[in-house]
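Single-letter residue listing:
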Amino acid sequence: MASGTALIYDEEMTTHKLLWSDPICDIEVPERLSSSYEQLRSYHLVERCVHVPAREGSEEEILLVHSLEHLEVAKSTQTMNEEELKRVSENYDAFFFHPSTYRCARLAVGATLQLVDAVMSGKVRNGMALVRPPGHHSQRNAANGFCLFNNVAIAAEYAKLKYGLQRILIVDWDVHHGQGTQYIFEEDPSVLYFSWHRYEHQEFWPSLKESDYDAVGLGKGKGFNINLPWNKVGMGNSDYLAAFFHVLLPTAFEFDPELVIVSSGYDSGIGDPEGQMNATPEVFAHLTHFLMQLANGKLCVILEGGYHLKSLGESVCMTVKTLLGDPVPQVSGEMAPCLSAVESIQNVRAAHKPYWKWLAYEDTSFLQNLSTKSHFLKTANSNPSTEHESKITNNNDTVKVDRFLELHMKNILFPVPPIKTATTGCEGSEHFLSEHVQLVKEMDKTEVEALVSGFYADLVKDNKTLLSLGSMFVILDKILKKEVCNGIATSPTAALSAAVALRHSVRLGFQRVLCVFVGDMQMIPNTEDGKMLIINICEKEQSGKTSCKHYFSLNWKEDAEGNDFFSAVLGFILPVAYSYQPNLTVIAVGPNRNLGISGISLLVALIQGLAESRIFAVIEDTEISLMQNVAKLLVGASTPAFGIYVPPTQEKVNRIKALRDQFQQEWKMLQCSGDIFI
Ligand SMILES: NCCCNCCCCCC(O)(O)C(F)(F)F
Ligand SMILES: [Zn+2]
């Protein structure tokens, strides 16, 4: 699988600028590009990327999406004077021409296509193109909203034509609706377009009815256009993550794209005058991390909007750092989506129920009793997470936001551990040893005995286990000291090793340890003090132990034909895990696991977004191929082969829903339907 991250930037795209006064367009300034690039340099990220040059998009490439008339009008502006430029610009909603606009727009298209080629040819795994003018509002025959040519739409058509792709996912996390992109692919089932956007019940620009959640696509394209409207400002990290867990990711994994393209606008970030949202830069690391697990990692991130230069720059850096494979920083803020966000999520899930298998058993009874909607809103105040107090009173106070971000990013940008993975050289590990892996020597026997005889004597009986513990302690120490990012060990009794590892981790000072245990756990540690949260994925209810706030037994029988674990990971495990905010994750696979390797791989891949990617994996030593798969994932050598997508059965959906209904007050990231307020 390819490696490396491309960065495409050409200073010439800073020449396009507004020549007259226009309070609407004057935020789209050249410094957006140059200061983002400077920020990348200041974090030494430019030198870690593969430099790919921009080029001019050809007329033929532009005509993949735009009309000849639109192209001719754009071309004709190159020789116009200011008066003429102003007049042509007035034909469009919120667009301005400069003599260099046409040249810059062709460079933006070409830069985007260069990135697609670099990724599709395997020259790099993923990459980012810093371009302007942006693209997602421009339409076949019109410029709109600072956009002249639709860079991302052209890229999708180009990729279909040149690489014969049949499924492309476009994720538009810009705070404005990319109506241009929606119109272009509305009837096209080969391009799944997802956009969230500030909407405020059609009050916010471009104020279109077709930006609402019920615009699902037309004809054969029905189900392949997903609009998630934000009807309030102040949306934050938890709202964005909830939208990914409960809308985008389940759909994306079912769609199984061959390429993912992001219309990456950062005006959805804190401090932006347009968005007025509260999401902080590190959330883009999480969003990027999730999308990297699709399409075998083939991800092209294309800049759209973003008008607070500091917020824009920090968010661009978070995105590129993650594309490079760095650990994902802890996400800040209360992990509780607001009522308005949950309502939008519920509405879009209901609207798409007819088109997606994963939604087949979605309960849409709330639609019938819409009359109780007022009831819905009235009782809403009973839930504390209904509204977000806006951290920054008004985003217009740029300097205040600068200071906030200065402090906020200080404890986010931790030094990247020199080594990615520590292992004990267990059976089969020679396959993945590389400069990213450190073989740790076993702790010597006497040390282990001293340790075990004290704190773990009640757990450890025989000698063989004792030795396997030696390596485990060494790895846990290295993870705690941040000498490595993650670690993996095998054990003759994974259940016992996991129990000792959990107790050892808490003793070492990890205050919140998440343990996901696959198979029967045999011994279940006491989770009363909340310092551990255990999710036991087992075939049958553990002896009498029912689920409670910090212990869940999730009964799951792997599906014979393929991998149906997506709904459990996305709809339950990740929301609980993100609500808990662990500072270490322990993944353990015991004897007679009830999950396929692809289900476990999915879990390991997606859970790396937690605890600054600190994961300790302990695998039953009979599971050689599983160990190798997990090790490759931890090293970042591969994205998981998720196997054949199988939608969840009604019984499994009901089991998740029951757990969600029972615990969504404690773990609020589980909330995805409004019936919690009724
Ligand atoms: N009352 C009229 C307000 C017009 N506001 C225009 C906002 C354009 C936003 C452009 C963008 O940020 O979506 C892009 F990504 F394309 F750059
Ligand atoms: Zn925007």
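**Re the nonpolar core**
Point 1. Judged by nonpolar contacts, the single largest core of 174 residues is most densely connected at L291 and I537.
Point 2. Apart from residues no more than four positions distant in its own chain, I537 is found in contact with V516, F517, V518, G519, L554, W556, F565, I573, N594, L595 and L603.
Point 3. Grouped together as the second largest cluster of nonpolar side chains are 41 residues, V448, V452, L459 and C515 included.

**Here's the deal with the environment of A588**
Point 1. Tracing the backbone through its elements, the reader meets A588 in strand β15 (residues 584-589).
Point 2. By relative accessible area, which is 0% here, A588 ends up buried.
Point 3. Taking the C-alpha atoms as reference points, A588 and A617, 29 residues apart in sequence, are found 5.7 Å from one another.
Point 4. Discounting chain neighbours no more than four positions away, the residues touching A588 are A498, V516, F517, V518 and V618.

**Some remarks on the coordination of the zinc ion (ligand 2)**
Ideal donor angles around a metal are set by the shape: a four-donor tetrahedron calls for 109.5 degrees, a six-donor octahedron for 90 or 180 degrees.
Point 1. With distances of 2.0 to 2.6 Å, the protein atoms coordinating the zinc ion (ligand 2) are D174 (OD), D174 (OD), H176 (ND1) and D267 (OD).
Point 2. Around the zinc ion (ligand 2), the 6 donor atoms are arranged such that angles at the metal cover 55 to 156°; this shape is classified as irregular.
Point 3. Within one chain, the residues donating to the zinc ion (ligand 2) are spaced in sequence as D-x1-H-x90-D. Of the two residues, D174 sits in the loop between β4 (168-172) and α7 (179-185) while D267 sits in the loop between β7 (259-264) and α9 (283-292), which places them 93 residues apart along the sequence.

**Description of the domain arrangement of the protein**
Point 1. Taken as a whole, the protein is organised into domain 1 (15-123), domain 2 (165-361 + 370-416) and domain 3 (488-673).
Point 2. Each partner contributes residues to the interface: domain 1 has 20 residues there, and domain 2 has 27 residues.
Point 3. Counting the surface lost from both domain 1 and domain 2, the interface buries some 2100 Å², and carbon and sulfur atoms represent 75% of this.
Point 4. The largest share of the area that domain 1 buries against domain 2 comes from I27, R32 and R48, three residues that together contribute 26% of it.

Cut-offs used in this document
Residues numbered from 1 in each chain as written. Chains lettered and ligands numbered in written order. Predicted model: local features only at pLDDT ≥ 70, side-chain atom pairs only at ≥ 80, totals over all residues. Heavy atoms only, no water. Core = buried A, V, L, I, M, F, W, Y, C linked by side-chain atoms within 4.5 Å. Buried < 20%, exposed > 50% of the residue type's maximum accessible area, 1.4 Å probe, protein only. Contact = heavy atoms within 4.5 Å. Helix = DSSP H or I, 4+ residues; strand = E, 2+ residues; numbered from the N terminus. Donors = N, O, S within 2.8 Å, 3.2 Å for Na, K, Ca; no water. Tetrahedral: all angles 85-135°; square planar, octahedral: opposite > 155°, others 65-115°. Domains from an automatic or database assignment. Buried area = accessible area lost by both parts, 1.4 Å probe.

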